[in-house]
2 protein chains.
Amino acid sequence: MRISELSARTGVPVPTIKYYLRERILPPGERTSATQAQYDEAHERRLRLVRALVEVAGLSIERVRRVLAAVDEPSASMTELLHRATDPGAVGSTPRATAFVHALGWEVPEGLGALAELERGLGGLEAAGLDIPRAQLVALADAMDRVAEIEIEGVPTSSSEAAVAYAVLGTELVAPILLSLRRIAHARHTIARFGDEHA
Amino acid sequence: MRISELSARTGVPVPTIKYYLRERILPPGERTSATQAQYDEAHERRLRLVRALVEVAGLSIERVRRVLAAVDEPSASMTELLHRATDPGAVGSTPRATAFVHALGWEVPEGLGALAELERGLGGLEAAGLDIPRAQLVALADAMDRVAEIEIEGVPTSSSEAAVAYAVLGTELVAPILLSLRRIAHARHTIARFGDEHA
């Protein structure tokens, strides 16, 4: 297909596709003349992945390049691939987060960016003077562990590209769904505990 | 205590306290001279709540006023109080979200703002072409229902103010903690399913 059809199929504007080609995060098409090239389904899949990484996950071109290098590296393990694609890359010391996660009995890689996020979150509770009992935090962590387990069970293994797209899109797009389900469930549990306001 | 001590105890600057007094979301102190007034622990509790509503939950002064009216209304039920304090107030038609929640068997009040948030989230999945099987969404909803149940069990009932502060602060400040726990758990379940990248 020509670049115009690639654009029509994916919804990515032609100038954006040309930008991705120049940045070499989309491989060149097969030249058919001095000014035209042909693209195939592999380009289409790659373009959808690049768009997800850039537009949904907000990765820089440099990070997209590293993720694609991992996707194209046959020896990269799925674990390494998913880690490179989804780690927020936050840094900072994580004494509280690491201690909490260890107390849960979770084994996680050192230097995980999400630990720095958790550290900030726990600091935010303290700064606001919100005292959540430890047993409650542990129970919440168990529930989120179940969420993560369900999501990782769903990772498709048909291709590295499919797995990375699922992981990146899922991490970003399912988060607001989880939080809105939590708020809806708050309403029903409030009624269950305190009664219906219209009763 | 004087306004300066109220400021020192709560960390809220004096000009901000004066603004809250002018807006009548903090009740006046007891005048001791033409230029001075005394404040007590009730003022301190109310100021902490106002700050949480404004700075953490990002409520407008008008919404703070409505929440405080509910807090001070002896006949307001706890359910009504928590709903007024935490509903995001998002609007829009919610065909997909309502159908999904009904299929879960959840009974929730109509017009709940979080339903509009869920509707947007489900639309975002579709727009990105991310196909999450329905059984997976249902399992995620069950896990978030557990999160909400734990949180509502933790609502303190010592006073309306304490309950509202917990609900508002918890809704906002626990959300990033839940999401970072999810990401940390992703890492461990990825290793459990696909092996350790360093093995």
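The rules behind these values
- Residues numbered from 1 in each chain as written.
- Chains lettered and ligands numbered in written order.
- Predicted model: local features only at pLDDT ≥ 70, side-chain atom pairs only at ≥ 80, totals over all residues.
- Heavy atoms only, no water.
- Helix = DSSP H or I, 4+ residues; strand = E, 2+ residues; numbered from the N terminus.
- Rg over C-alpha atoms; globule rule 2.2 N^0.38 Å.
- Buried < 20%, exposed > 50% of the residue type's maximum accessible area, 1.4 Å probe, protein only.
- Contact = heavy atoms within 4.5 Å.
- Buried area = accessible area lost by both parts, 1.4 Å probe.
- Salt bridge = Lys/Arg side-chain N within 4 Å of Asp/Glu carboxyl O.
- Polar contact = N/O pair within 3.5 Å; in protein donor to acceptor, adjacent residues only side chain to side chain.
- Nonpolar A, V, L, I, M, F, W, Y, C, P; charged D, E, K, R; others polar.
- Least-squares fit on C-alpha atoms with pLDDT ≥ 70 in both.
- Phe/Tyr/Trp six-rings, centres within 6.5 Å; stacked < 30°, edge-to-face > 60°.
- Expected span 1.5 Å × (residues − 1).
- pLDDT = per-residue confidence, 0-100.
- Arc of directions from axis to C-beta.
- Axes fitted to C-alpha atoms, helices over the stretch in contact; angles between N-to-C directions.
- Parallel < 35°, antiparallel > 145°, perpendicular 65-115°, else oblique.
- Left-handed = near helix turned anticlockwise from the far one by under 90°.

**Focus: the overall build of chain A**
Within chain A, the regular secondary structure consists of 9 helices and 2 strands. The helix and strand sequence of chain A, counted from the amino end, reads α-α-β-β-α-α-α-α-α-α-α. Taking 2.2 N^0.38 as the reference for a compact globule, 199 residues should give roughly 16 Å; the C-alpha atoms of chain A span a radius of gyration of 22 Å, well beyond that estimate. Seen through its principal axes, chain A has C-alpha atoms that stretch 70 × 45 × 30 Å. Scored against the burial criterion, the 199 residues of chain A give a buried share of 47%.

**Observations concerning the interface of chain A and chain B**
Opposite the 73 residues of chain A that make contact, chain B presents 73 residues. Each partner contributes to the roughly 7000 Å² buried at the junction of chain A and chain B, and carbon and sulfur atoms together form 73% of this total. The interface formed by chain A and chain B holds 4 salt bridges in total. Linking A:R188 and B:D145 is a salt bridge whose minimum nitrogen-to-oxygen distance equals 2.9 Å. Run the count over chain A and chain B and you get 24 residue pairs in polar contact (both at pLDDT 80 or more). Broken down by secondary-structure element, the contributors of at least two residues to the side of chain A that touches chain B are α5 (78-86), α6 (95-104), α7 (113-127), α8 (134-153) and α9 (160-194) of chain A. Grouping the amino acids of the side of chain A that touches chain B by side-chain chemistry returns 41 nonpolar, 17 polar and 15 charged.

**Let's talk about the relation of the copies chain A and chain B**
In screw terms, the move from chain A to chain B is a rotation of 180 degrees and a rise of 0.0 Å along the axis, fitting with an RMSD of 0.0 Å. Taken together, the rotation and translation describe the operation of a two-fold axis. The rotation axis passes nearest to the C-alpha of A:A143 in chain A, at a distance of 2.8 Å. Comparing interface residues between copies, 100% of those in chain A also sit at the interface in chain B, which points to an isologous, same-surface contact.

**As for the pattern of salt bridges**
One pass over the structure, following the stated rule, counts 30 salt bridges over all chains. Across the salt bridge formed by B:E151 and A:R182, the nearest N and O atoms sit 2.8 Å from each other. Within this pair, whereas B:E151 is found in helix α8 (residues 134-153), its partner A:R182 is found in helix α9, the two belonging to separate chains. Here the salt bridges do not stand alone but share partners, grouping A:E5, A:R9, A:E41, A:E44 and A:R48 into one network.

**Description of the environment of B:I177**
On the secondary structure map, B:I177 appears in helix α9 (residues 160-194). Of the residues examined, B:I177 reaches a relative accessible area of 1% and is grouped as buried.

**Digging into the packing of aromatic side chains**
All names here are of chain A. Applying the stated criterion to the full structure yields 2 aromatic pairs over all chains. Ring geometry for Y19 against Y20: centres 5.9 Å apart, planes inclined by 45 degrees, an arrangement best described as tilted. A relative accessible area of 32% means that Y19 is categorised as partly exposed. For Y20, a relative accessible area of 3% translates into the label buried.

**As for helix α3 (residues 41-56) of chain B**
Residue and element names in this part refer to chain B. Taking 1.5 Å of rise per residue, 16 residues should cover 22 Å, and α3 covers 21 Å from first to last C-alpha, within 8% of that figure. Along α3, the residues that are buried comprise H43, E44, R46, L47, L49, V50, A52 and L53. The inward-facing, buried residues of α3 contact α1 (3-10), α2 (14-22), β2 (37-38), α4 (61-71) and α9.

**Overview of the side chain of A:E151**
What makes A:E151 buried here is its relative accessible area of 5%. Here B:H186 takes part through its side chain, which lies 2.7 Å from a polar atom of the side chain of A:E151. Each residue touching A:E151, except ones within four places of it in the same chain, is listed here: A:Y166, A:V174, B:Q136, B:L140, B:R182 and B:H186.

**Focus: the confidence of the model for chain A**
A residue-level look at chain A finds 98% of positions with pLDDT of 70 or above and a mean pLDDT of 90. Here the predicted complex carries an ipTM of 0.87, next to a pTM of 0.87.

**Observations regarding unusual backbone geometry**
A negative phi holds for most residues other than glycine; trans holds for most peptide bonds. Residue and element names in this part refer to chain A. Not every positive phi belongs to a glycine, and R24 is a case in point at roughly 60 degrees. Mapping R24 onto the fold places it in the loop between α2 (14-22) and β1 (30-31). With relative accessibility at 70%, the residue R24 sits in the exposed group.

**Examining helix α5 (residues 78-86) of chain B**
Three or more residues of α5(B) are buried, namely B:M78, B:T79, B:L81, B:L82 and B:A85. Along the long axis of α5(B), the arc covered by the buried residues comes to 165 degrees, so they all point the same way. Next to the buried residues of α5(B) lie α9 of chain A together with α4 and α9 of chain B.

**Quick notes on the packing of α7(A) against α9(B)**
Put simply, α7(A) and α9(B) touch, their axes get as near as 8 Å, and they point 155 degrees apart. When the axis of α7(A) is compared with that of α9(B), the two are roughly antiparallel. Like other packed secondary-structure pairs, α7(A) and α9(B) cross with a definite hand, here left-handed. Touching A:A114, A:L115, A:E117, A:L118, A:G121, A:L122, A:G124 and A:L125 of α7(A) are B:L173, B:V174, B:I177, B:S180, B:L181, B:R183 and B:I184, all from α9(B). A per-class count over the contact of α7(A) with α9(B) returns 10 nonpolar, 3 polar and 2 charged.

**Here we look at the environment of B:L178**
Residue and element names in this part refer to chain B. On the secondary structure map, L178 appears in helix α9. Classification of L178 as buried rests on a relative accessible area of 0%. Taking the C-alpha atoms as reference points, L178 and T157, 21 residues apart in sequence, are found 24 Å from one another.

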